[in-house]
Amino acid sequence: MMERGLFWLENFRRTKNFDLLAASPLILWFLLMGVRPQVPIALQLLSELINGTINLLNFLQLITLLGSLVLMFVLIYLLITRRTPELRSYGALPRVVAVCGTFLGNGFLYLRAVQLTLPVQVLADLLIIAGTIGALVAASRLGASFSLMPEARKLVTTGPYAVIRHPLYLAEMVGILGLVLQFEQPWALFLGAAVFGLQYWRSVFEERVLTQAYSDYAAYRARTWRFFPYLF
């Protein structure tokens, strides 16, 4: 009886229903902690834009919020429609690293924002906007291969992935740089460095799974960079 139960559970883990069940906490988090708090602010800034009373910084913030909302809805769509994984990384550590790498950036919300000069504030906003746009491009290219955990769903080697193996993480790092500039030091710098380290560690686990799942991954890895051309 126990063997039959384990067999059924293993088969269930390979189904789309299990994948949706596993993705549901992340989808709820995007909706409740990401979308819901940002919508009222975006609507207020849109009202200022329509009335012609918006200033430069609020305009940049509006672009950032709209980009963030679009990104979250894209990620929710990808979580719902993605392929079932062909191979998973086993063990708790890869999953802990993936979760921490995804959500540790929320720690910036608990730091004190600092008053910046106009050029530095504009730079910070542009970094966040660039990171959001980059994440949209990378996530859209991943399509049905998108995953939070280290899993092999389909090997993507086109678009930005033809040059960089982890452009989505690179985009997140660019956005994190913008956040580092806006919050109290040295804590923001420490937090940003921790996120960078976790994303690197996360990429290591992902590449192990992809190497096991796809025989041509070694050749792909040899002709691309992990994050930055000529650096990693």
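You'll find the structure just up there.
What follows concerns the nonpolar core. Formed by 35 residues in total, the largest nonpolar core has its most connected members in Phe30, Leu79, Phe146, Tyr161 and Leu168. Of all the secondary-structure elements, those providing two or more residues to this core are α2 (16-51), α3 (56-81), α5 (118-142), α6 (167-182), α7 (187-213) and α8 (217-222). Filtering out sequence-adjacent residues up to four positions away, Phe30 remains in contact with Val35, Met72, Leu75, Ile76 and Leu79. The next biggest cluster of nonpolar side chains, apart from the first, holds 7 residues, and it includes Phe108, Val180, Ala188 and Leu191.

The next thing to look at is the side chain of Thr132. Counting through the fold element by element, Thr132 comes out in helix α5. We classify Thr132 as buried; its relative accessible area is 11%. A distance of 2.9 Å separates a polar side-chain atom of Thr132 from the backbone oxygen of Ile128. If we skip the residues at most four places from it in the chain, Thr132 touches Gly67, Ser68 and Leu71.

Attention now goes to the packing of aromatic side chains. Evaluated as defined, the whole model comprises 8 aromatic pairs. Taking the centre distance of 4.9 Å and the plane angle of 70 degrees together, the rings of Trp29 and Phe103 count as edge-to-face. A residue pair is termed long-range when its members are at least 10 positions apart, and Trp29 in helix α2 and Phe103 in helix α4 (residues 92-103) qualify at 74 residues. By relative accessible area, which is 23% here, Phe103 ends up partly exposed.

Side chains of Leu49, Leu56, Leu57, Phe59, Ile63 and Leu118 sit close together on the surface and give an oily, nonpolar patch of about 470 Å² of accessible area. In terms of residue count, the dominant contributor to the nonpolar patch is α3 (4 residues). Of note, Leu56 is situated in helix α3. The class of Leu56 is partly exposed, set by a relative accessible area of 47%.

For α4, spanning 12 residues, the distance from its first C-alpha to its last is 17 Å, which sits close to the expected 16 Å at 1.5 Å a residue. Looking at α4, one finds that the buried residues are Pro94, Val97, Ala98 and Gly101. For α4, the arc enclosing every buried residue in end-on projection is 100 degrees, short of the 170-degree limit, so these residues lie on one face. Residues of α4 that are buried in the fold lie against α7.

As a further point, take the layout of surface pockets. Considered as a void within the structure, the second largest pocket measures approximately 280 Å³ in volume. Ala22, Ala23, Arg82, Met149 and Glu151 are the residues nearest the centre of the second largest pocket, which is lined by 17 residues in total. At the level of elements, α2 and α4 are the ones that each hand at least two residues to the lining of the second largest pocket. The greatest single-element share of the lining of the second largest pocket, amounting to 6 residues, is contributed by α2. Its residues assigned to classes, the lining of the second largest pocket comprises 9 nonpolar, 1 polar and 7 charged.

The rules behind the values
Residues numbered from 1 in each chain as written. Predicted model: local features only at pLDDT ≥ 70, side-chain atom pairs only at ≥ 80, totals over all residues. Heavy atoms only, no water. Core = buried A, V, L, I, M, F, W, Y, C linked by side-chain atoms within 4.5 Å. Buried < 20%, exposed > 50% of the residue type's maximum accessible area, 1.4 Å probe, protein only. Helix = DSSP H or I, 4+ residues; strand = E, 2+ residues; numbered from the N terminus. Contact = heavy atoms within 4.5 Å. Polar contact = N/O pair within 3.5 Å; in protein donor to acceptor, adjacent residues only side chain to side chain. Phe/Tyr/Trp six-rings, centres within 6.5 Å; stacked < 30°, edge-to-face > 60°. Patch = residues over 30% accessible without salt bridge, like charges linked within 9 Å, V, L, I, M, F, W, Y side chains within 5 Å. Areas by Shrake-Rupley, 256 points an atom, 1.4 Å probe, with all protein chains shown as cover. Salt bridge = Lys/Arg side-chain N within 4 Å of Asp/Glu carboxyl O. Expected span 1.5 Å × (residues − 1). Arc of directions from axis to C-beta. 1 Å grid on protein atoms, 1.4 Å probe; cavity = no way out; pocket = protein on both sides within 12 Å on 5 of 7 lines; lining within 4 Å. Points joined across faces, edges and corners; volume = space filled by probe spheres on them. Nonpolar A, V, L, I, M, F, W, Y, C, P; charged D, E, K, R; others polar.

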